[in-house]
Amino acid sequence: MRISVTVNGVVQEGDVDPRTLLVHFLREELDLTGTKIGCDTSQCGACTVHLDGKALKSCTLLAAQADGANVTTIEGLAVDGEHHPMQTAFWENHGLQCGYCTPGMIMATTAFVEDNPGASEEAIRHNLEGNICRCTGYHNIVKAVKQVADAAAGGD
């Protein structure tokens, strides 16, 4: 099946097996390996990308279903070589350890903060329920997201 997907602002066309998951298309066909495969059961969130501006676990969608859509991966989040504020906040607040879950966390939280500027710590923690980190204990992740949420609301 022939598909055309705009990925990180670039139109990507390719032939895919109708059973190919979007995560596999991104990683194996486009070599965008920042999107991780953590569980294969849609539980961990390591494969989160933005599809038409909404956070989505790319292991839950067939590549064919993304035909005609706009996909942003962690590789496309920076603009003109400048990290996205969420990427910077994760760095500044030590919101990562091994880093495996980090791309998915960042993709999930950037979409969340866009829709919820000024989000409370409780709301941030609730939003993160679909993303698993086995290393950090979430405290610094929440701190990083809160920093960006507050800034998005016009705070510090």
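First things first, this report covers the structure right here in the doc. (Residues numbered from 1 in each chain as written. Predicted model: local features only at pLDDT ≥ 70, side-chain atom pairs only at ≥ 80, totals over all residues. Heavy atoms only, no water.)

**With respect to helix α2 (residues 85-92)**
Looking only at α2, the buried set comprises Met86, Gln87, Ala89 and Phe90. End-on view of α2: buried residues confined to an arc of 165 degrees, all on one side of the axis. Of the exposed residues in α2, the ones pointing more than 90 degrees away from its buried face are Pro85 and Trp91. Tucked inside the fold, the buried residues of α2 contact α3 (102-115) and α5 (139-152). (Buried < 20%, exposed > 50% of the residue type's maximum accessible area, 1.4 Å probe, protein only. Helix = DSSP H or I, 4+ residues; strand = E, 2+ residues; numbered from the N terminus. Arc of directions from axis to C-beta. Contact = heavy atoms within 4.5 Å.)

**Notes on the pairing of strand β4 (residues 54-57)**
Of the pairings in the sheet, the one linking strand β3 (residues 48-51) to β4 comprises 4 bridges and is antiparallel in character. In the sheet register, His50 faces β4, and the bridge partner there is Ala55. Connecting β3 to the antiparallel partner β4 that follows it, the hairpin turn spans 2 residues, and Asp52 within it adopts a positive phi of roughly 50 degrees. (Pairing = 2+ DSSP bridges.)

**Observations regarding the packing of α2 against α3**
Interhelical geometry of α2 versus α3 gives an angle of 125 degrees and a closest axis separation of 9 Å. Classified by the angle their axes make, α2 and α3 are oblique. Along this stretch, α2 crosses α3, giving a crossing that reads as right-handed. The residues of α3 that touch α2, namely those facing Met86, Gln87 and Phe90, are Thr102, Met105, Ile106, Thr109, Thr110 and Val113. (Axes fitted to C-alpha atoms, helices over the stretch in contact; angles between N-to-C directions. Parallel < 35°, antiparallel > 145°, perpendicular 65-115°, else oblique. Left-handed = near helix turned anticlockwise from the far one by under 90°.)

**Notes on the environment of Cys39**
Its location among the elements puts Cys39 in the loop between α1 (22-29) and β3. With 20 residues separating them along the chain, Cys39 and Cys59 place their C-alpha atoms 9.1 Å apart.

**So, the sheet that holds β4**
With respect to topology, 5 strands assemble into an open sheet ordered β2-β1-β5-β3-β4, the strand pairing being mixed. This sheet does not close on itself; its edge strands, each paired only once, are β2 (10-15) and β4. The average undirected angle you get between the axes of adjacent strands in this sheet is 40 degrees. Pairing of strand β1 (residues 2-7) with β2 involves 6 bridges; the strand directions are antiparallel. Paired with Val5 across the strands is Gln12, a residue of β2. Packing of α3 onto the sheet brings it into contact with β3, β4 and β5 (70-72), and relative to β3 it is tilted by some 40 degrees.

Just geometry here; none of it tells us what the structure is for.
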